[in-house]
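Remarks on the overall topology
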Amino acid sequence: MNGITLNTHKKLRISPVFLHVNGIVSTDDSVCNFITNQCKKYNVDLISMNISSMITEYKNYNEADTTVKNNNFRMPTINNFINKISPSAEKDFLSRIRQKVLYKMAKDLECNSIFTSETNTKLSAKLLSNIVMGRGSQIENDIGFADCRDKDVKLLRPMRDITDEELNHYVRIRHLSFVDTSVSEIDLQSLITNFISDLEINSPATISTICKTADKISSADDNTGKPCRICQNNLKTKLDKLTATDATAFSKVVSSGEYNASLLTHNFECVTKMEVFPHIFEELCYSCSKNYYEFKTNILMH
Amino acid sequence: MPAVPCKTGCGKNAMLKRPKTGDALCKECFFWAFETEIHFTITKGELFKSGDSVAVAASGGKDSTVLAHVLKTLNNRYGYGLDLMLLSIDEGITGYRDDSLETVKRNRDDYEMNLKILSYKDLYGWTMDEIVAQIGRKNNCTFCGVFRRQALDRGAAMLNVKCIATGHNADDIAETVLMNVLRGDIARLKRCTAITTGSEGTIPRVKPLKYTYEKEIVMYAHYKKLVYFSTECVFAPNAYRGHARALLKDLEKIRPSCIMDIIYSGETLSVKEEVSLPTLRVCSRCKFVSSQEVCKACVLLEGLNKGLPKLGIGKSSKAKKMLEEYNAKQKTEIDKLNYEFKKNNCVSKGKVCKSKCNDISNGKNDECNDNCKSDKPELNLPANPKINKLLEEYGLFDDNQEQTSDITKNVNSDLEENTCAGACSGVDGFSIAF
């Protein structure tokens, strides 16, 4: 582990552990077998685990459902959650849980750094996805070289400046083998990935521009606030007197027949917003609250 | 298909499904919800103060038409006490703006508001038709956008209003966020979601339709039977914006709420402290607000007037290089003309200068001095038709006859100091009323 300190710069001495988190996309055994063989080939330890096994707060789905209906926030189980939300929200939620898994495993394995293989191209897509999902304030940690949300473990992205095209050349020249797990789906993230792929072909300079943009963005969050229960991002965000949360919540009320003139004043904040954005800024950030609302609405309908 | 009751419980059957929320509403409830939301935006965002005079930027399109209609409605309904008027810019686009201005005039009559129309031709000496003839279809939106922004400010100053209300809708703002991310424009990314923009000393702009979906605006205008102009600009659409627009439309199909999510992202992100952002100041030429020493409008106009229409396109370093090349070329041309002039008047054609000034064999200065007894027009460049033509074409020196002897020496500094031939107050085309 001393290899990544500045004192020992001549040789990178680290003890890597490979972590494979499955269950995010439907993969068959061949993928797991491939990863196992690769790790054997390079003589590194492999830990493989299913994402759904991580969230164990509520094994009893019915219990979670009841709690949600009672307006108390409880972390929903993965299987319970993803079946009741849209594919875009599902992907967003899973990527957050995956991150949680990485941190948890790093701590269990006493690792102080996590390396991910995100390339410039993937991070560009991630940045746009973040913006599209309302996570603009979280770009610094999600796209930057280092994610410092956790005090003990840092998540680093060493391949951040390498594009997919360069990576493909490297793979070809080095005769490396890999498995392609990409599947075409109809969700925002897939659409953005396709958009970025087109950009990479037609105007490749734009990809690096997008990532450079990320380097200049920070969150307007107050770092002293408590983190979101799902994505670990700060909840306290410096907001203007009127934001999209207010406007969205107001629209919902106005077209549902629950409007009364007092909503234009003080009552709006405490009553309406919390209905449309459950637990917002208390337990959940904007995006996680939106996902949770989808989940909650679907439960109430069934 | 069975009738769907209006979600508000008013008892009527729904006529439409709101693109923004997915709720089925009857026509009247939709109108009411639409207008009340804008009222909420205005009051919560504190866009106006009672008694303010407000210029509604009117193009004749759906957004500005709906904005004018709704502002008038809300002004009456809630007693804002606003003095509303219409402000239009005539870019000089035949087959587009001339027709849309007719719509604005109709709005003026319908909504009983004063209307002020300012034209690019009057302000800058160029119409967009003429600009496109110079620059071509590519990049012409840059000219139009930059000039319009400034023209609106000028119009608002003439009308002496407290603020300008623009028809930017939620889709426009989300699109701008995406576009600024794609091109790495961090300064604009930071400010593009602000509901009120404008620095100290400038007339603020407000966006009452910031949270209103474009689709709902179209539906409102349709059901209200508002008269608006729906033709796209005849010139090529802005390619970069088109990129962002296409992406946004695709995203919206999958998740309509993404428009609000993108706006929220823009509202909550901030720029790192160490990133240097352009500071707003006043253009040294036209005295309007600018992030540069010379504002973009002046640079663009200078390019047009000098026959370098691409001067203001792209990075400022490019423009600087282009100007340096232009200046160098000018210097070479003027030197050449000076040389030929002297040659023709003093040496060639078998004539000998009696002033002894050209006594090259004596190693003396080859310029005529005060003792020259020849016809004494030494470097009287305007008398030379070649120079006249050159100056006429590039518009550098209008009637600077007495300065001609300094031209070769000071050409660079002159260009630096007096490059704007239109946007600054020193030129006829621009000195009107400003």
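Residues numbered from 1 in each chain as written. Chains lettered and ligands numbered in written order. Predicted model: local features only at pLDDT ≥ 70, side-chain atom pairs only at ≥ 80, totals over all residues. Heavy atoms only, no water.

Note the threshold: UniProt positions are given in the numbering used here, feature names are shortened, and annotations may be inferred rather than shown by experiment.
As annotated in an unreviewed UniProt entry, chain B carries the name Cytoplasmic tRNA 2-thiolation protein 1 and comes from Pieris brassicae. UniProt, in its Sequence similarities (unreviewed entry) section for chain B, records the words "Belongs to the TtcA family. CTU1/NCS6/ATPBD3 subfamily."

Per an unreviewed UniProt entry, chain A carries the name Cytoplasmic tRNA 2-thiolation protein 2 and comes from Pieris brassicae.

What to know about the overall build of chain A
This is how it is decided: Helix and strand assignments come from DSSP, with helices taken as H or I runs of at least 4 residues and strands as E runs of at least 2, each series counted from the N terminus. Note on classification: 1.4 Å probe, protein chains only; a residue is buried when its accessible area is under 20% of the maximum for its type, exposed when over 50%, partly exposed between these limits. In this analysis, two residues are considered to be in contact whenever any of their non-hydrogen atoms come within 4.5 Å of each other. For accessible areas, the Shrake-Rupley method is used with a probe of radius 1.4 Å. Any residue's cover is judged against the shown protein chains and nothing else.
Assigned secondary structure in chain A consists of twelve helices and six strands. The buried share of chain A, taken over its 302 residues, is 46%. Nonlocal contacts in chain A, meaning residues at least 24 apart in sequence, comprise 66% of its contacts between residues at least 6 apart. Carbon and sulfur atoms form 52% of the exposed surface of chain A, whose accessible area is close to 15,500 Å².

Looking at the pattern of salt bridges
Condition: Basic side-chain nitrogens of Lys or Arg form a salt bridge, by our definition, when they fall within 4 Å of a carboxyl oxygen of Asp or Glu.
Under the criterion given, the structure shown has 47 salt bridges over all chains. Between A:D150 and A:K107 there is a salt bridge, with the nearest N and O atoms lying 2.7 Å from each other. Of this pair, A:D150 sits in the loop between β4 (146-147) and β5 (154-156) while A:K107 sits in helix α4 (residues 87-108), placing them 43 residues apart in sequence. Note that B:E214 is salt-bridged to B:K249, the shortest N-O span being 3.0 Å. Pair noted here: B:E214 is in helix α9 (residues 214-223) and B:K249 is in helix α10 (residues 239-254), with a separation of 35 residues, a long-range link. Connected through salt bridges with shared partners, the residues B:K62, B:D63, B:D171, B:E214, B:K215, B:K249 and B:E252 form a single ionic network.

Side note on the sheet that holds strand β7 (residues 196-197) of chain B
Residue and element names in this part refer to chain B. Inclusion rule: When DSSP finds two or more bridges between a pair of strands, those strands are recorded as paired. To obtain each axis, a line is fitted to C-alpha atoms, and for helices this fit is confined to the stretch in contact; angles are then taken between N-to-C directions over 0 to 180 degrees.
The six strands are arranged β5-β4-β3-β6-β8-β7 in an open sheet whose pairing can be described as mixed. The open sheet terminates on both sides in strands that have one partner only, identified here as β5 (114-119) and β7. In the sheet, strand β6 (residues 163-165) pairs with strand β8 (residues 205-206) via two bridges, with the strands oriented parallel. In the sheet register, I164 faces β8, and the bridge partner there is R205. Strand contacts of helix α2 (residues 62-78): β3 (53-57), β4 (83-90) and β6, with the helix running at about 155 degrees to β3, the strand carrying the most contacts. Across the sheet, helix α6 (residues 140-159) touches β3, β4, β5, β6 and β8, and the angle it forms with β4 is around 140 degrees.

Side note on the UniProt feature "domain: Cytoplasmic tRNA 2-thiolation protein 1 C-terminal" (unreviewed entry) in chain B
Per the UniProt record, the feature "domain: Cytoplasmic tRNA 2-thiolation protein 1 C-terminal" (unreviewed entry) sits at residues 283-311 of chain B. Segment residues 283-311 of chain B splits into 34% helix and 7% strand. End C-alpha atoms: 17 Å apart.

Examining empty space enclosed by the protein
The following threshold applies: Only protein atoms enter the 1 Å grid used here, on which a cavity is any set of points holding a 1.4 Å probe that cannot leave and a pocket is any open set flanked by protein within 12 Å on both sides along at least five of seven lines; residues with an atom within 4 Å of a point are listed as lining. Grid points are joined across faces, edges and corners, and a volume is the space filled by probe spheres set on the points. Each residue is assigned to one of three groups, with Ala, Val, Leu, Ile, Met, Phe, Trp, Tyr, Cys and Pro labelled nonpolar, Asp, Glu, Lys and Arg labelled charged, and all others, Gly among them, labelled polar.
Inspection of the entire model under this criterion finds two cavities of 30 Å³ or more. Tallied by class, the residues present in the lining of the largest cavity amount to five nonpolar, six polar and no charged. In this structure, the second largest cavity encloses a volume near 50 Å³. Among the secondary structure elements, those contributing two or more residues to the lining of the second largest cavity are α10 (244-254) of chain A together with α1 (27-44) of chain B. The greatest single-element share of the lining of the second largest cavity, amounting to four residues, is contributed by α1(B). Of the residues belonging to the lining of the second largest cavity, the class tally is five nonpolar, three polar and two charged.

Let's talk about unusual backbone geometry
Positive phi, normally seen in glycine, also occurs at A:Q232, with a value near 70 degrees. Judged by its relative accessible area of 33%, A:Q232 is partly exposed.

Quick word on the interface of chain B and chain A
The test is simple: What gets called buried area is simply the loss in accessible area from a 1.4 Å probe that two parts show on being joined, summed for both. Within 3.5 Å is the distance limit for a polar contact, defined as a pair of N or O atoms, with the added protein rule that one can donate a hydrogen and the other accept it, and that residues adjacent in sequence qualify only through two side-chain atoms.
Between chain B and chain A, the contact holds 49 residues from the first and 57 residues from the second. Of the roughly 4,500 Å² buried between chain B and chain A, counting both surfaces, carbon and sulfur atoms make up 67%. Considering only the surface of chain B that becomes buried against chain A, B:F40, B:R255 and B:Y264 emerge as the three largest contributors, covering 16% of it. In this structure, the connection of chain B to chain A is made through five salt bridges. Applying the counting criterion to the chain B and chain A interface returns 19 residue pairs in polar contact (both at pLDDT 80 or more). If you list the elements that add at least two residues to the side of chain B that touches chain A, you get α1, α7 (170-182), α8 (186-191), α10, α11 (258-268) and β9 (269-271) of chain B.

A closer look at the sheet that holds strand β3 (residues 113-115) of chain A
All names here are of chain A. Judged by pairing direction, the sheet is mixed, and its three strands sit side by side in the order β3-β5-β4 without closing on themselves. Unpaired on one side and paired on the other, β3 and β4 mark the two borders of the sheet. As paired strands, β3 and β5 are joined by three bridges and run parallel to one another. Bridged to I114 within β5 is L155. Across the sheet, α4 lies against β3, β4 and β5, angled at about 135 degrees from β3, the strand it touches most.

Topic: the environment of A:D215
Residue placement: A:D215 occurs in helix α9 (residues 205-216). For the pair A:D215 and A:E200, spaced 15 residues apart in sequence, the C-alpha to C-alpha distance is 19 Å. With residues near it in sequence (within four places) discarded, A:D215 still touches A:R160 and B:K272.

Overview of the packing of aromatic side chains
Each pair of aromatic rings is reported with the distance of its centres and the angle of its planes. All names here are of chain B. To keep it simple, the criterion reads: Whether two aromatic rings pair depends on their centres lying within 6.5 Å, for rings of Phe, Tyr and Trp, where Trp uses its six-membered ring; planes under 30 degrees apart make the pair stacked, over 60 edge-to-face, and the rest tilted.
Tallied over the full model, the rule gives 13 aromatic pairs over all chains. Where F30 meets F34, the ring centres are 5.8 Å apart and the plane angle is 50 degrees; that geometry is what we call tilted. One end of the pair is F30 and the other is F34, both in helix α1 and four residues apart, which spans about a single turn. On the basis of an interplanar angle of 15 degrees and a centroid distance of 4.3 Å, the ring pair of F34 and Y220 is categorised as stacked.

Quick notes on the packing of α2(B) against α9(B)
The axes of two packed helices give the description: the angle between them and the distance between them. Residues and elements named next belong to chain B. Selection rule: For this classification, under 35 degrees means roughly parallel, over 145 means roughly antiparallel, 65 to 115 means roughly perpendicular, and everything else is oblique. By convention, the crossing between two helices is left-handed when the near helix turns anticlockwise from the far helix through less than a right angle, and right-handed when the turn is clockwise.
Taken N-terminus to C-terminus, the directions of α2 and α9 make an angle of 65 degrees; their axes are 10 Å apart at the nearest point. One way to sum up the angle between α2 and α9 is to call them roughly perpendicular. Every pair of crossing elements has a handedness; the one defined by α2 and α9 is left-handed. In contact with K62, D63, V66, H69 and V70 of α2, α9 contributes E214, I217, V218, Y220 and A221. Tallied by class, the residues present in the contact of α2 with α9 amount to six nonpolar, one polar and three charged.

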